There are 2 protein chains.
Amino acid sequence: MSAPVPDASRRSSRARDAILAAARELVASDGYRGLSIEGIAARAGVGKQTIYRWWPSKGAVVLDAVLALSEGPDAEVELPDTGDLRADLRTVVRATVDELADPSFEAPLRALYAAMITDADLTAAYRRRVADPVDSAKERRLRSARDAGHLAPDTDLGLLRELLFAPIVQRWLLATGPLDHAFADALVENALLVARAPASTEAETAS
Amino acid sequence: MSAPVPDASRRSSRARDAILAAARELVASDGYRGLSIEGIAARAGVGKQTIYRWWPSKGAVVLDAVLALSEGPDAEVELPDTGDLRADLRTVVRATVDELADPSFEAPLRALYAAMITDADLTAAYRRRVADPVDSAKERRLRSARDAGHLAPDTDLGLLRELLFAPIVQRWLLATGPLDHAFADALVENALLVARAPASTEAETAS
DNA sequence: TGTTCAACGAGACGGTGCGTCTCGTCAACC
DNA sequence: GGTTGACGAGACGCACCGTCTCGTTGAACA
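Keep in mind that what you see is a predicted model, and the values were worked out from it rather than measured.

Engineer: Before we go on, may I ask you to explain the overall build of chain A in this structure?
Structural biologist: On a plain count of helices and strands, chain A comes out with nine helices and zero strands. Listed N to C, the secondary structure of chain A is α-α-α-α-α-α-α-α-α in terms of helices and strands. In terms of its C-alpha atoms, chain A occupies a principal-axis envelope of roughly 65 × 35 × 30 Å. Burial statistics for chain A: of 207 residues in total, 45% are counted as buried. Approximately 10,300 Å² of chain A is accessible, and the part contributed by carbon and sulfur atoms is 51%. Mean positive and mean negative side-chain charge positions of chain A (25 and 31 charges, respectively) differ by 6 Å.

Engineer: Explanation requested: the interface of chain B and chain A in the structure shown.
Structural biologist: When the parts of a complex come together, some accessible area is lost, and that lost area is often used as the size of the interface. In this complex, chain B contributes 31 residues to the contact, which on the side of chain A involves 31 residues. Summed over both partners, the interface of chain B with chain A buries about 2,900 Å², with 67% contributed by carbon and sulfur atoms. Along the contact surface separating chain B from chain A lie two salt bridges. There are 10 residue pairs in polar contact (both at pLDDT 80 or more) connecting chain B and chain A. Counting only elements with at least two residues in the side of chain B that touches chain A, the list comes to α6 (103-117), α7 (120-147), α8 (157-174) and α9 (181-194) of chain B. Counting residues per element, the side of chain B that touches chain A draws most heavily on α8 of chain B, at 10 residues. Grouping the amino acids of the side of chain B that touches chain A by side-chain chemistry returns 19 nonpolar, five polar and seven charged.

Engineer: Just checking my understanding: could you explain the packing of aromatic side chains for this structure?
Structural biologist: The relation between two aromatic rings is expressed through the spacing of the ring centres and the mutual angle of the planes. Summed over all chains, the structure comprises four aromatic pairs over all chains. Taking the centre distance of 5.4 Å and the plane angle of 80° together, the rings of Y113 of chain B and W172 of chain B count as edge-to-face. Note that Y113 of chain B is positioned in helix α6 and W172 of chain B in helix α8, a separation of 59 residues in sequence. Judged by its relative accessible area of 4%, Y113 of chain B falls in the buried class. Aromatic rings pair up to connect Y113, Y126 and W172 of chain A into one cluster. Note that R171 of chain A overlies the ring of F183 of chain A, its terminal NZ or CZ placed 3.5 Å from the centroid. Sitting over the face of the ring of W55 of chain B, R11 of chain B holds its NZ or CZ atom 4.9 Å from the ring centroid.

Engineer: Help me understand the protein's contact with DNA strand D in this model?
Structural biologist: Not every one of the 21 residues close to DNA strand D is listed here, only the nearest: R10, K48 and Q49 of chain A together with R10 and R53 of chain B. Counting only atoms of DNA strand D within 4 Å of the protein, the fraction found in sugar and phosphate groups is 59%. K48 of chain A is positioned such that a nitrogen or oxygen atom in its side chain is 2.6 Å from a base oxygen of DNA strand D. Here a sugar or linking oxygen of DNA strand D and a side-chain polar atom of R10 of chain B are 2.7 Å apart. Only α2 (37-44) and α3 (48-54) of chain A together with α1 (13-30) and α3 (48-54) of chain B provide two or more residues apiece to the surface near DNA strand D. For the surface near DNA strand D, the residue count by class is six nonpolar, seven polar and eight charged.

Engineer: Would you mind showing me how to read the pattern of salt bridges here?
Structural biologist: Once their charged atoms are close, side chains differing in charge can pair, the charge on each being opposite to the other. All names here are of chain A. Counted by the stated rule, this structure contains 30 salt bridges over all chains. A salt bridge links D81 to R141; the nearest nitrogen and oxygen atoms lie 3.4 Å apart. On the criterion of sequence distance, the pair formed by D81 in the loop between α4 (58-69) and α5 (85-101) and R141 in helix α7 (residues 120-147) is long-range, its members being 60 residues apart. Among the charged side chains, a salt-bridge network with shared partners connects R86, R90, R94, D185 and E189.

Engineer: Please explain α7 of chain B as it appears in this structure.
Structural biologist: The periodicity of an α-helix, 3.6 residues per turn, causes residues three or four places apart in sequence to face the same way. All names here are of chain B. In the structure, α7 departs most strongly from a straight axis at R127, where the bend amounts to approximately 45°. Buried within α7 we find L122, T123, Y126, V130, A131, D135, A137, K138, R141, L142 and A145. Between a side-chain oxygen at the N-terminus of α7 and the backbone nitrogen of D121 the separation is 3.1 Å; the capping residue is D119. Positioned one or two residues after α7, G149 has a phi angle of 85°, which is positive.

Engineer: What am I meant to see in the relation of the copies chain B and chain A here?
Structural biologist: One copy of the chain maps onto the other through a rotation about an axis plus a displacement along that axis. Mapping chain B onto chain A is achieved by rotating through 180° and translating by 0.0 Å along the same axis, at an RMSD of 0.1 Å. The transformation just described matches what one would write down for a two-fold rotation axis. When the interface residues of chain B are mapped onto chain A, 100% of them are again interface residues, pointing to one common binding face.

Engineer: Can you walk me through the side chain of E162 of chain B in this structure?
Structural biologist: Within the element layout of this structure, E162 of chain B appears in helix α8. Ignoring anything within four residues of it in the chain, the contact list for E162 of chain B reads P167, R171 and F183 of chain A together with P167 of chain B.

Engineer: What should I look at first to understand the confidence of the model for chain A in this one?
Structural biologist: Reading fine detail from the predicted coordinates is not recommended where pLDDT is low. Taken as a whole, chain A shows an average pLDDT of 92; of its residues, 91% reach a score of 70 or greater. Predicted confidence for residues 200-207 of chain A stays below pLDDT 50, and this span has nine contacts to residues more than four positions away or in other chains.

Engineer: Please clarify how the protein's contact with DNA strand C should be interpreted in this entry.
Structural biologist: Taken together, 20 residues surround DNA strand C, and among them D7, R10, R53 and W54 of chain A together with K48 of chain B come closest. Backbone atoms, meaning sugar plus phosphate, form 61% of the atoms of DNA strand C positioned within 4 Å of the protein. In this structure, a phosphate oxygen belonging to DNA strand C sits 3.0 Å away from a main-chain N or O atom of S12 of chain A. Those elements that provide at least two residues to the surface near DNA strand C are α1 (13-30) and α3 of chain A together with α2 (37-44) and α3 of chain B. Residue composition of the surface near DNA strand C, grouped by class: six nonpolar, six polar and eight charged.

Engineer: Explanation requested: the side chain of Q170 of chain B in the structure shown.
Structural biologist: Relative to the helices and strands, Q170 of chain B is located in helix α8. Given a relative accessible area of 15%, Q170 of chain B falls into the buried group. If we ignore the near neighbours within four places in the chain, the residues touching Q170 of chain B are Y113, A166 and V169 of chain A together with A175 and T176 of chain B.

Cut-offs used in this document
- Residues numbered from 1 in each chain as written.
- Chains lettered and ligands numbered in written order.
- Predicted model: local features only at pLDDT ≥ 70, side-chain atom pairs only at ≥ 80, totals over all residues.
- Heavy atoms only, no water.
- Helix = DSSP H or I, 4+ residues; strand = E, 2+ residues; numbered from the N terminus.
- Buried < 20%, exposed > 50% of the residue type's maximum accessible area, 1.4 Å probe, protein only.
- Areas by Shrake-Rupley, 256 points an atom, 1.4 Å probe, with all protein chains shown as cover.
- Lys, Arg positive; Asp, Glu negative; His and termini not counted.
- Charge placed at Lys NZ, Arg CZ, Asp CG, Glu CD.
- Contact = heavy atoms within 4.5 Å.
- Buried area = accessible area lost by both parts, 1.4 Å probe.
- Salt bridge = Lys/Arg side-chain N within 4 Å of Asp/Glu carboxyl O.
- Polar contact = N/O pair within 3.5 Å; in protein donor to acceptor, adjacent residues only side chain to side chain.
- Nonpolar A, V, L, I, M, F, W, Y, C, P; charged D, E, K, R; others polar.
- Phe/Tyr/Trp six-rings, centres within 6.5 Å; stacked < 30°, edge-to-face > 60°.
- Lys NZ or Arg CZ within 6 Å of the ring centre and 35° of its normal.
- Near = heavy atom within 4 Å.
- Bend = angle between axes of the 7 residues up to and from the residue.
- Least-squares fit on C-alpha atoms with pLDDT ≥ 70 in both.
- pLDDT = per-residue confidence, 0-100.

See below:
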């Protein structure tokens, strides 16, 4: 009944790296539609069983491939905190927009979303390994601003984060509008407007 | 080279209805993963060719199935406009949340999103037939409020619409938080805060 | 250094759904 | 009443699925 758990200490890192690289290359050239386990195995020079041994689904392979794009180790995310909230938010939100416009990020990430929509387990894994750490970092930065008096004391940091980033993902998924710095800046200005400290002009940055 | 366009005047509406109903039933019971053209054809009592004759892809069938859920004819969408912006927005945003929580809507819509993410043609068709009309209706309601002085004259109606609804879709897709009326109301309050008319207390509803 | 043993590359296997095709049937229009 | 094209049905070759065996290999431990 229980799975015959393989011995991770004997795992070939060469095979793992080749599989993730092959997945990235194939999804970039053929899209998620043309991505198959057999194709990944062939391109990586690996037996199919080596993939099935370590990953539960094609989507899980893609998740690891996406993670391998932006990590050394499982480094924890940290956002810039120069004290200038507007500038820091612009940096981060613009970077998000740029990342989604970069084909080498866009292709595997789109594939990952396609898999997640119909795979609740994969969605949970994505939240745990990607979304939660990133969201925490964003909220740390916002909390720092709130503590410094740059945001109203009763600001809902989670909601503010969603207002900053959800419209970006929405435009990206359905191509309902341009994904550029102007849009990023508009979202930042909106966030500052929503949650600005009530009686302060002092702490606000001028830019 | 050109497609041998079938004769629409001879199309069987019985077959069309049976196909869309079968697609809805199967996606509700088995999810999008288990949805196949062969399964739809078998359930509908229809030849596979009848599906391929009229739809370019499985996702296109699902799009029509979703559309058939909420239409008589291609009725144009109209939102409530009682003059009370807060109340009207709550109604609409809460209804959106409720719809995404209703399994009979949720299942085919999730299937449609899964298909759209990897199918730009289908995404364009969805925008044209669903998203654009709905978005226009939303912006008409917001414009009416702006004209009535309930929103600041320089309010970006499109951005406001995205701030109201994108966070909902985001939570729905990745299950990153509860989709309830409290969340809907928070989004409405945020929108009213962002775009409130500068010097007016008069026109605002009290609720 | 040698032994061990599970992960490895390779690929056969039955199963499923794909998209195309070819039938005979049927109903609408001429 | 003849023509015609959509219809239901299903055969076909193909791609990929997930499971299963093979030898082979190389890392861990004695």
